[in-house]
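An overview of the molecular structure
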Amino acid sequence: MDLGWLVSTVSRALAFGVPLLWGTLGEIYAERSGVVNLGVEGMMILGAYAGFAVAQTVGVPALGLLAAAVVGAAAALWHAFLTVTLRANQYVSGLALTLFGLGLAGLLGRGWEGKPLRVPLGAITVPGLAEIPVLGPMLFVDQTILTYLGVLLAVILWVVLFRTRWGVVIRSVGESPATADSLGINVTLVRYLCVALGGLLAGVGGGYLSVAYRPSWTEGMTAGMGWIVIALTIFASWDPLRAIWGAFFFGALYHLSFRLQAYVSPELLKLMPYAFAILVLAVSGFGGARWRRRAPGSLGIPYVRGER
Amino acid sequence: MRAAAGSGHPDGPPESPHLIRLEEVTKSFPGVTANDRVTFEVRPGEVHALLGENGAGKTTLVNILYGLYRPDSGSIVVRGRRVAIRSPREAIALGVGMVHQHFKLVLPHTVAENAALGLPGTPFWAPARDVGRRLCALAERYGLPVDPDRRVWELSAGEQQRVEILKALLRGAQVLILDEPTSVLTPQETGELFKVLSRMREEGHGVIFISHKLTEVLEVADRITVMRRGRVVGTVAAAEANKPMLARMMVGREVVFRLTKAACTPGEAALSVEGIHVRNDRGLPAVRGATFHVCRGEIFGIAGIAGNGQRELVEALTGLRRIEQGKVRILGNEVTNRSPRFLADIGVAHVPEERIRMGIVPGLSVEENLILKRHHRPPFCRAGLLHLASVRRFAQGVIEEYGIVTSSPNTPAKLLSGGNIQKLILARELSGQPALVLAAHPTYGLDVGATEQIRDLLLRQRAGGAAVLLVSEDLEEVMELADRIAVMFRGEITGVVAGGEADREEIGLMMAGEERVRG
Ligand SMILES: Nc1ncnc2c1ncn2[C@@H]1O[C@H](COP(=O)(O)OP(=O)(O)O)[C@@H](O)[C@H]1O
Ligand SMILES: [Mg+2]
């Protein structure tokens, strides 16, 4: 096979995997604390819109990303309020957030539909590493800083989760909030923070799309990525390091579905990532204990003190 | 009777300062006053038992002390200072530690991670390593050996309890609350726990020991406070108390300790189980090659700590769980993996472990619940329609016969008290004259009166020639009712002994899997 083809495929897979990675890292933290947030798609599109709007107005892409993070976190806090404080059904609230986000971003973005961004986030070339043959052009050229920050973040989040006091608290709250509560942990606060972090990262993932990957605004430009994130969280068995591989693998699938359009019907190819996501969920359902045991014990269940 | 609160001061002078004191504490839930002007205190270096039947309000009281519930009125005094305990964190800061009836542990985590959770002063990085070291030092001092790196779900109930005690000590608990700590222990483990409690007494801790078992309370406590229906009946020194007196205070009337039980005249085998293997919900082996038989006219008891395969065994015998290997015969029919409906139709009665979840349909009326097993057969069903008049007639009959207290046959079953729900289940199961009764924890959580009635019903089944399989965690109950006793440990029957000559110690050892006796 042609080496150039491989190099560009890997390079684009990385670029396309970035929003998936950021979103998945966020969802992992939310779910580790016991809260499912199906609103990832909504938070991403709101992030994409806010990122574009601010970057376009101010002309500074970094500020766009900051806005995306803030808007994502704010949307997630709404989910946290409904599900943690009011103990609403997490799945319903998350779905509502997705529909709301898609609708609101579409409405606000009308005037900007199809517009390219004035100043996109630039690609960088990693000095030194870019010179390595084959690997250099694959991994260290033509990426934005968010690719590397995402990987670094995954490592940091892994260390926090499994090697620090905070990690013990977060995992305990997700496994057994009653235990954490009885030891004086503020379950509500931990869940709010984790859900907010989830939204923040999803927002950045969305912002990346409109500010860096395809610097423009199109309604519905997240194109179902939020749903892939939900599947990836399970695929990665709630482990930030595994999320790296998962995200870039799905990035490759997305990219290949563009690449192979010459040979296979494009409708079929566009299905590929989703078909794969369904497959992952089916396998994780069937595979039984090994996969399921890792799901946080009280995922999806609101915590009520003293309930018997 | 020397039963007025605060009257007897057997150990130490009357002015000896208390560690913690609850004064006139009242707490109501919708429909019940769980604690009614309760006054209770613990001094340093004493084990103070809180004795009462299920529902007396013991757990509620200590939950208030631990900041889980706020009292409606009354006050809490810690070392002479009035305090408000608004959360477990505040309770811990005041030196109160608690081992809950249902352990508060994160099962997938290690012992050290569990201990580190929320512990002030743990390092930010690698907290488990540091806490593990401190845990070992404490374990040494109090005689509570644990391995900090084991995952909690791998530990036995007794070991999990040790982790809970260590967690409290690690947080500097001066007052340690143990809510029904012996209910998950073998007699030997109970003995070890009592040694630990003596150790704590020597170190000057105050221990609140909750139980409804008289023998234990007399053995371990310095003082005993008895509660009944939310009120304190009295506080007595253990040295001056005895069983009948405590039983009277606890129940509010004279209690007969012996049931009348005729001699056993076993007939042919109604149930025979040959080497069955069953898996639990997680897909792991739960029953591993159990073999036994139960004869007509006998009660066959299965003792053992909960979680050793009893639940899976009963579910397999009632057709609710697949049998992977082995054979079950009932009344001569091979019935391995037949449906629950088939088994019910050939005369198997099932009194399930979780009476509300599996025993009744809470939203249906009492009469509807009473015909659940036979609604498809005459006289209740004619031409596919329910014949409501016969349903009503039948219901009124058994409500009378079994003494079910309900405002009407139309009342939703969930509104009944625990004892009456259980009587409803027994009425449904026993009224068809079953040949085999499978009863799982039939008196769990019931008061003394209801317990007596249920036991009497089982004995009457036995007298009437039914075979009764009785699964219970309550060793006293099994020893009192059963003609033969089998012990289950890790899915195996570790031994069968004759009921009359059963020895607590020996059964205790079998419950811990230590000895195999054939009888
Ligand atoms: N969270 C609660 N909500 C409603 N009722 C409760 C609650 N906790 C306890 N109760 C009721 O309060 C009474 C005392 O219960 P509890 O303190 O658990 O008794 P004990 O521990 O002595 O068995 C019971 O009638 C029980 O049903
Ligand atoms: Mg209790």
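Residues numbered from 1 in each chain as written. Chains lettered and ligands numbered in written order. Predicted model: local features only at pLDDT ≥ 70, side-chain atom pairs only at ≥ 80, totals over all residues. Heavy atoms only, no water.

Scanning chain B from terminus to terminus reveals 17 helices and 22 strands. Summarising its shape, the C-alpha atoms of chain B cover approximately 75 × 45 × 45 Å along the three principal directions. When each of the 519 residues of chain B is scored for burial, the buried share is 53%. Once local pairs closer than 6 in sequence are excluded, the contacts in chain B between residues at least 24 apart make up 66%. By element, 50% of the accessible surface of chain B is carried by carbon and sulfur atoms, the whole surface being about 22,300 Å². Averaging the locations of the 65 positively and 61 negatively charged side chains of chain B gives two centres separated by 5 Å. (Helix = DSSP H or I, 4+ residues; strand = E, 2+ residues; numbered from the N terminus. Buried < 20%, exposed > 50% of the residue type's maximum accessible area, 1.4 Å probe, protein only. Contact = heavy atoms within 4.5 Å. Areas by Shrake-Rupley, 256 points an atom, 1.4 Å probe, with all protein chains shown as cover. Lys, Arg positive; Asp, Glu negative; His and termini not counted. Charge placed at Lys NZ, Arg CZ, Asp CG, Glu CD.)

Taken together, the 23 residues of chain A in the interface contact 27 residues of chain B. For the pairing of chain A and chain B, the buried interface totals around 2,200 Å² over both sides, and the portion due to carbon and sulfur atoms is 64%. A per-residue breakdown of the area chain A buries against chain B is headed by Arg165(A), Ser182(A) and Leu183(A), which together make up 28% of the total. On the surface where chain A and chain B come into contact, there are 1 salt bridge. Ionic pairing is found between Glu113(B) and Arg171(A), a salt bridge with its closest N-O pair at 2.9 Å. (Buried area = accessible area lost by both parts, 1.4 Å probe. Salt bridge = Lys/Arg side-chain N within 4 Å of Asp/Glu carboxyl O.)

Residue and element names in this part refer to chain A. The topology assignment puts Ser33 in the loop between helix H1 (3-32) and helix H2 (40-58). Note on Ser33: relative accessible area 0%, which makes it buried. Non-local contacts of Ser33, meaning those with residues more than four positions away in its chain, are made with Ile170, Val173, Gly174, Arg191 and Cys194.

Our focus in this paragraph is the pairing of strand E19 (residues 436-440) of chain B. Along any regular strand the residues' side chains alternate between the sheet's two faces. All names here are of chain B. Along E19, 5 of the 5 residues are buried, which leaves the element largely enclosed by surrounding structure. Here E19 shows two buried faces, one formed by Leu436, Leu438 and Ala440 and the other by Val437 and Ala439. Where the polypeptide runs from E19 across helix H15 (residues 448-463) and back to strand E20 (residues 467-471), its parallel neighbour, the crossover connection is right-handed. (Right-handed = clockwise from strand over helix to strand, strands pointing away.)

Another aspect to go through is helix H8 (residues 243-251) of chain B. All names here are of chain B. Within H8, the full set of buried residues consists of Met245, Leu246, Ala247, Met249, Met250 and Val251. Residues of H8 that are buried sit in contact with strand E3 (46-52), helix H7 (214-220), strand E9 (223-228), strand E10 (231-237) and H15. Structurally, the start of H8 carries an N-cap: the backbone nitrogen of Met245 is 3.0 Å from a side-chain oxygen of Asn242. (Polar contact = N/O pair within 3.5 Å; in protein donor to acceptor, adjacent residues only side chain to side chain.)

The next subject is the domain arrangement of chain B. Domain assignment breaks chain B into domain 1 (107-169), domain 2 (266-347 + 436-441 + 449-519) and domain 3 (352-433). One C-alpha centre belongs to domain 1 of chain B, the other to domain 3 of chain B, and the line joining them spans 48 Å. (Domains from an automatic or database assignment.)

Around ligand 1 sit 14 residues in total, of which Gly55(B), Gly57(B), Lys58(B), Thr59(B) and Thr60(B) are the nearest. Bordering ligand 1 are residues originating from chains A and B. The side chain of Thr59(B) places a nitrogen or oxygen atom 2.6 Å from an oxygen atom of ligand 1. At a separation of 2.5 Å, an oxygen atom of ligand 1 approaches a polar side-chain atom of Thr60(B). Against a free-state accessible area of 560 Å², the protein chains account for coverage of 75% of ligand 1. (Near = heavy atom within 4 Å.)

So, about the sheet that holds strand E13 (residues 299-303) of chain B. All names here are of chain B. Read from one edge of the open sheet, 6 strands run E16-E19-E20-E13-E21-E22, paired in mixed fashion. Since the sheet does not close on itself, it has two edges, and those belong to strand E16 (348-351) and strand E22 (492-498), each with one partner. Neighbour-to-neighbour, the strand axes of this sheet turn through a mean angle of 15°, independent of strand direction. In this structure, E19 lies alongside E20, joined through 5 bridges in parallel fashion. What sits directly across from Ala439, in E20, is Leu470. Together, strand E21 (484-489) and E22 form the strand contacts of helix H17 (residues 504-511), whose direction differs from that of E21 by roughly 30°. (Pairing = 2+ DSSP bridges. Axes fitted to C-alpha atoms, helices over the stretch in contact; angles between N-to-C directions.)

The next subject is the packing of aromatic side chains. In this structure the tally under the stated criterion is 20 aromatic pairs over all chains. A centroid spacing of 6.2 Å and a plane angle of 50° characterise the contact between Tyr49(A) and Trp112(A), whose relative ring orientation is tilted. Of this pair, Tyr49(A) sits in helix H2 while Trp112(A) sits in the loop between helix H4 (90-108) and helix H5 (135-139), placing them 63 residues apart in sequence. Taken together, Phe16(A), Tyr208(A), Tyr213(A), Tyr254(A), Phe258(A) and Tyr274(A) form an aromatic cluster joined through their ring pairs. Positioned above the aromatic ring of Phe342(B) is the side chain of Arg338(B), whose terminal nitrogen or guanidinium carbon lies 3.9 Å from the ring centre. (Phe/Tyr/Trp six-rings, centres within 6.5 Å; stacked < 30°, edge-to-face > 60°. Lys NZ or Arg CZ within 6 Å of the ring centre and 35° of its normal.)

The next subject is the pairing of strand E1 (residues 20-29) of chain B. All names here are of chain B. Strand direction decides the pairing type here: E1 and strand E2 (residues 32-42), joined by 7 bridges, are antiparallel. If you follow Ile20 over to E2, its bridge partner there is Val42. The hairpin formed by E1 and E2 contains 2 residues between the paired strands, and Gly31 there has a positive phi angle of roughly 95°. Relative to strand E4 (residues 73-78), E1 is paired through 5 bridges, and the arrangement is antiparallel. By the bridge assignment, Leu22 is partnered in E4 with Ile76.

This part is about the pattern of salt bridges. All names here are of chain B. This structure, assessed with the given rule, holds 38 salt bridges over all chains. The salt bridge involving Arg199 is made with Glu203; its shortest N-O contact spans 3.3 Å. The class for Arg199 is partly exposed, based on a relative accessible area of 29%. Its salt-bridge partner being Asp483, residue Arg462 comes within 2.9 Å of it at the nearest N-O pair. Taken as a pair, Arg462 in helix H15 and Asp483 in the loop between helix H16 (475-481) and E21 lie far apart in primary sequence, 21 residues in all. The class for Asp483 is buried, based on a relative accessible area of 13%.

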